[in-house]
Structures are given as structure tokens and as C-alpha cells.
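Fold and contact review
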Amino acid sequence: MKLLPEEFLAKYRGQTPDNAGVLFYPIYLRTYSRWLEGKQRRERWDETVERVVEYSLSLYQGPNRDHVGEAERLYDSIFNLKVLPAGRTLWIGGTKAAEKCPEVNFNCSMRVIDGLEAFTDLFHLLLCGCGVGFRILEEDVAQLPEFKHIDLTMDGYYPKDKERRLEGTQEVHGYQSSFIYVGDSREAWVRALSEFLRVSTMGGAIHMNFNSVRPAGERIKGFGGHAPGPEGLMEMFHNANKVINASGGRLSPIDCMDICNYIGKNVIVGGTRRSSQIALGSPEDEDFMEAKKDLWSTKQNLQRAMSNNSVVFKSKPSFEKIQEVFKGIRNNGEPGFFNLEAARRRRPNMEGINPCAEILMDSRGFCNLATVNWKAYAEKGVFNMYGALEALRLAVRLSMRMTNVTVSLPKWDYVQKRDRLLGASLTGFMDALDLVGLEFDDPQAIQILKTMKAEAREEANAYAFEMRVPAPLLVTTIKPEGTLSQLPTVSSGLHRSYAPYFIRRVRYSAMDPACQALQRLGVPNEPDQGKAERVVFSFPIKTDAKISANEEPARRQFERYLTTMEHYVDHNASCTLTIGEGEWEEMEKLVYDNFDKVVACAFLPKYTDAFPQMPYEEITKEQYEKLAAEFPNLDSLPDLVNQIEVGEFESELEEDPMCAAGGFCPVR
């Protein structure tokens, strides 16, 4: 039943959000606006928010009551970028695809690699757009079965017409040989991997045919985006077979990581889907510790770039071990570290973390996140505590309702409904404090954090009781907030804005109509030096930051992490600490001395000229004013995107019923 009255919605039609930043329309149109087949255009922002709010309230279970008031408050908060739902839900919530496969709403997940099903679970979730953390300790992978040598052959690709394609994968098993005909759906791809791995434990020969997989570039209407074709899928099976045959029958942790990375590499083929992974390995595993050593200079094992890597410490290491980890970080940024002991003090039955390291999970765990934009409640000298608390309550209830879905993986559904993990996050944190005139460790700022943490827990418990579901184990976190924070263009998570003035570079798939529209309008752009199928656009940004991120001492960044961990966060606070040339030794000592308080952090050098086309580049006020004066007007961007997309797809026929089952998600 529709909750939002038309007379209410009419006030928002054609309006721009109160807190919209420079990047609002470029990011929204690239990442969250869905194509509406019936209207032959992309969604407007007011329609996206309507879809999300109606979907969220439809998930409520509990006593009958009037939800119109809450729907209107939530709508206004999301529309004006004060509360932000999970990016996944913003993209796909309320669609038929989300009904069929609700796990597409979840930001993150975690799986211990202790059985063949772990690989297919990972593949399924990555195809759903969900980030996956995977643990590959020696005791985990020792539980995998023994593998046999497999002779793998593949037919040449001759795509079938739509009406002749298989939707599901079909198998024919003969004496010492199996034939796998891969279908054209997400389920079919996962099924093909499952059969491939199962037969690989038996030995013999496998022959594979991919002619039912739709060709590259064909539009996917259920999930959105464009089909990548079969090449990445074929390469995934070829490389997995190569790893298995070279293993001698027992997969090592690094073998398992390579298979997971090859799966992730396949998922991003075509440039329109994301694959977010973190690999958790042992500090005693030399192959894991050096998995990415000189990766880019040698150009060997480039599939390993698909995952962030972190070592799992079950107890406090020696200072020398900390120094060894930091040596690797200084070489290539990895591996990071994950303090399992500190994490289990916060959640005893946790086994790992998600790719951005902010959620503490059991194996087969999910988490759904929502965010409060602190900057929307900050003015010079004043923080609107009443408004921020109401926004937090809305965010908590938004996430709690999402835990009522039934995901398509029964074992995962059991864990999700048992734990009901929430991630009530904050963004624009430092922008807000800069506006108010507070430091993060001022008593007033600490009291705000404490009050919000208590309010989040109280609201979660009360709403769980109302809906007669288990109270969530953990409620608060701070996530990276990278993409969502670009809509209001505020400082991401607990990080500072990069500088008072900077260039923000944003990457687009070259086949995205939003990319083509920005090029036509004259937004500065250049080919992506890392991936030929992408284009990099540059936007001049002005902020309220008092100093640049590079000017803030690494010690203060670390102290901000510890402060938010103590006074607000249940899970972990995702953060990347930028370290100056003379600060590394001090940071090693700080981490060692405070190890019991640290769950996980990332570290990068402050100097930004190490890589081309970095996301941020500091500029002067004069440079900003010149670039802003020359920057094109983007008011016509939504209409231009629609014109390009209509022209691209106007000859397409009615929606293919297989699309809803077989789609893949753009980067979110």
C-alpha cells in the first residue's frame, strides 16, 4: 500500500536537495538513478527517494499503526541529504530484483573459506554487488576437500539468439567427463562454478559451453547496466582450473585467495560492476604476507589487486612484527592488520570483517548500513543536537526494517536474522566540527558522540521489541562513506575534507550515458590511465575545512580514531590514516602502545604524486576560482543523460523476462 500522499510529494517534484553539493547530480546519475522503462528516462531524485522510502516501510513487521508520518519524515530527511540509506538500497531497493534477491540491499558480508560452498557464496554475493570479506587461515582452508587433476576444454563462443538461450546451467555427466552448458543468469553462473568445483574433487575432464551467455554490451534491465559478455567468465574458469591443477590436490591459503580474486576479476569485466573484497590471512604465512610485494612493478599476479589484504593477529604481536607489517604498508600499502582479540572483546562470536573493515561479522554474516550527515545539522558555532538525534533514530529504524528481509541463501539468512547487525554511521563529521568550532576531543564533541551512541542503542532495542525481533548485536559504526558523501559533497566518515580547495576526480564507465553527457557539456576529462574503458572527470571543490588533510599530523588522525571508537562505535571505525615521511616510526609506536584499542586501520603516505590521476589534488583559492568560473553549468545534465540513453536503447523490444534474474550491478 502506498504511504506517501501525492500532495506531499508534489512539494519535492523538480526541486534540488537543500544540502546538495557540486557532485550531487554527476554522482546521482552515474550511481543511483535507475532507468524507467515505462517512462523511457532515468529516475529523478524525488522518485528515487520515493521508491526507497516506500520499500523501507513495506518491510515493517509488528503492530498495525499509521506509518504516514514516519514515511514523510524519512522522505524529507533522505531527499535533503540529512539521512542516507545504504548505497545498495538507494540503487535497487523496491525493485523486482530486490524482491527476488534481497541480499542485493546489503553493503557487506563475510565468509570463512572452509568448504566449496564458500567460493560459490562469494561469487553470488559479488554478482549481487555486495562486498565480501573472506578469511583464509591455515585451519580454515584445511577443511576443504582434496582436488584431482582436471582437463578443462571450452567451446568457441557463438552467441545464441535470445529465445534460444538457456536461463539455467545444464550439466551432462559421463564416464570420467562432464559437460557444463552455462546459462544466462546470475544463478546459472554460480551453478556452473559449483559444478566445476564439485567435479574438480573427482577428477577427469570438464567441457564447457558459453553460447547462452548474452554478448557484451547488451542491456540488462532487471539489475541495470550492460552485459560484459562471456570472456571474463571463461577466463575465471581457466585460471581457477590452473590454480587447482598446480596445487597438488590441497589448496593453500594463497591458492584460495587467488581463486577468490579471479572470481572478483570476472565480476568487474565490462567496467559496470564492482567487486569489493578483503582477504584475511595469517602473519606467519609468508606467501600471504608477500602476496602483493612489487605487484605493479613486476606485473605478476595482477588478480591479487582485487582484494585488500590484512593479517589476522589473535594476540598482541611483538613490536618487531608491527614494524614488519608497516614495512609492507610503506612498500605498497598492504597488508594491513586486523586485531581479532580486540574485535572479540566487542563481539565474542565474530570471525572476520567486511572489505572496508568497519563491521564485525560471523561467517555468513551481513550488515546493512545507514548514515547521518552531521554537516546538515551544523552552523557556525551551533550543533543542532535535536535534529541530529531525530535523524539518527530514522537511520536506525531504516536499517532495522531491512533485517526483516529473507535472503536467498538459507544459511546466511539464519545468521542475518540471528544477529540483525546494524551500522548507524556518521559522515561530514569533521566538516561539522569545523563549522561549529570544536575539536573532536573537546568535551562537548565527546558528549555529542556519547549521546548519539546511547540514543542509537535505545532506539534499536525499542524498535526490535516493537517488531518482535531479536535486538541487534551491534548498532553503531563509521563506514568509509566514499560515494554517498559525494551527494552532499561533505567530508567522508571521520576523515577531514581533503583541503579547503581541491580537485575531485571521479571515474565513469565510457559506455555510461552520464559519462557521455558530461563530456558533451565540457566537464574536464581524460582517459583513465589504469583502465581503457573508463574516463576520469575533474571537479573543483570548495569546503569549510580549516586545514588540509596533509597538514593534519598522523598522531591526531589516530587519536580521532581512538576517540570515536571509545565514545560512539560498537563495531569499528573505518579510517585511512595518511602518514608523512617523518611520521612512520611514531605511528608504529602508537599502534603498538594502543594495540588493545585498535581493531583495524589503513595507512597511506601523505604525498599524493605516487600515482597518476589520484582522487584528490589540493589547489589554491585562486586556482579554484579560475576553475569554477570556467566550469560548465550542469543544470541540463539530467535531460541530456536521458536524451543519450533514449537514443541508445529506443530500438529495444519489450523487457526480457530473464533480465531480472541475470543482471549485474554498476559500481555503487
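For the structure, check the block above.
Here is a short report on the structure shown in this document. Since the structure is predicted, the reported quantities are computational estimates derived from the model, not experimental observations. (Residues numbered from 1 in each chain as written. Predicted model: local features only at pLDDT ≥ 70, side-chain atom pairs only at ≥ 80, totals over all residues. Heavy atoms only, no water.)

1. Remarks on the overall build of the protein
Across its full length, the protein carries 25 helices and 24 strands. Principal-axis analysis of the C-alpha atoms places the extent of the protein at approximately 75 × 65 × 55 Å. Considering the protein as a whole, with its 668 residues, one finds that 61% of them fall into the buried category. Counted over contacts in the protein with a minimum sequence separation of 6, partners at least 24 positions apart contribute 77%. Accessible area for the protein stands at about 25,600 Å²; split by element, carbon and sulfur atoms hold 50% of it. The averaged location of the 95 negative side-chain charges in the protein is 2 Å from the averaged location of its 80 positive side-chain charges. (Helix = DSSP H or I, 4+ residues; strand = E, 2+ residues; numbered from the N terminus. Buried < 20%, exposed > 50% of the residue type's maximum accessible area, 1.4 Å probe, protein only. Contact = heavy atoms within 4.5 Å. Areas by Shrake-Rupley, 256 points an atom, 1.4 Å probe, with all protein chains shown as cover. Lys, Arg positive; Asp, Glu negative; His and termini not counted. Charge placed at Lys NZ, Arg CZ, Asp CG, Glu CD.)

2. A word on the environment of E37
You can see E37 is positioned in the loop between β1 (35-36) and β2 (41-42). For the pair E37 and H149, spaced 112 residues apart in sequence, the C-alpha separation works out to 48 Å. At 3.0 Å, the side chain of E37 forms a polar contact with the side chain of W35. (Polar contact = N/O pair within 3.5 Å; in protein donor to acceptor, adjacent residues only side chain to side chain.)

3. Comments concerning the nonpolar core
With 203 residues, the main nonpolar core has W374 and F603 as its most contacted residues. Discounting residues that sit within four places of it in the chain, W374 has contacts with F383, L426, T427, G428, F429, A432, L433, I448, L449 and M452. (Core = buried A, V, L, I, M, F, W, Y, C linked by side-chain atoms within 4.5 Å.)

4. Observations regarding the packing of aromatic side chains
The final tally for this structure, using the stated rule, is 29 aromatic pairs. Considering the side-chain rings of Y28 and W45, the 5.2 Å spacing of their centres and the 85 degrees angle between planes classify their relative orientation as edge-to-face. Taken as a pair, Y28 in helix α2 (residues 24-31) and W45 in helix α3 (residues 45-58) lie far apart in primary sequence, 17 residues in all. Relative to F502, the ring of Y498 lies with its centre 6.2 Å away and its plane at 80 degrees, an arrangement referred to as edge-to-face. An aromatic cluster is defined as three or more aromatic residues linked by ring pairs; in this entry it consists of F313, F326, F337, W584, F595 and F603. A cation sits over an aromatic face here: R397 above Y463, 6.0 Å from the ring centre. The ring of Y616 carries R504 above its face, with NZ or CZ at 4.6 Å from the centroid. (Phe/Tyr/Trp six-rings, centres within 6.5 Å; stacked < 30°, edge-to-face > 60°. Lys NZ or Arg CZ within 6 Å of the ring centre and 35° of its normal.)

5. Considerations on the sheet that holds strand β9 (residues 204-209)
Pairing is mixed across the open sheet formed by four strands, whose spatial order is β6-β9-β8-β7. Looking along the sheet, the strands with just one partner apiece sit at the ends: β6 (150-154) and β7 (170-174). Strand-to-strand twist across the sheet, computed as the mean angle between neighbouring axes with direction ignored, equals 15 degrees. One ladder, built from five bridges, connects β6 with β9; its direction is parallel. Bridge assignment links I150 to a residue of β9, and that residue is G204. Contacts from helix α9 (residues 186-200) reach β6, β7, β8 (177-181) and β9 within the one sheet, and its direction differs from that of β7 by about 15 degrees. (Pairing = 2+ DSSP bridges. Axes fitted to C-alpha atoms, helices over the stretch in contact; angles between N-to-C directions.)

6. Side note on the pairing of strand β10 (residues 277-281)
Counting buried residues in β10 gives five out of five residues, a clear majority hidden from the surface. Alternating residues of β10 divide into Q277, A279 and G281 and I278 and L280, and every residue in both groups is buried. Relative to β10, strand β5 (residues 131-135) is paired through four bridges, and the arrangement is parallel. Looking at β10, one finds that V132 is bridged to Q277. Relative to strand β11 (residues 307-313), β10 is paired through five bridges, and the arrangement is parallel. For A279, the partnering residue across the bridge sits in β11 and is N309.

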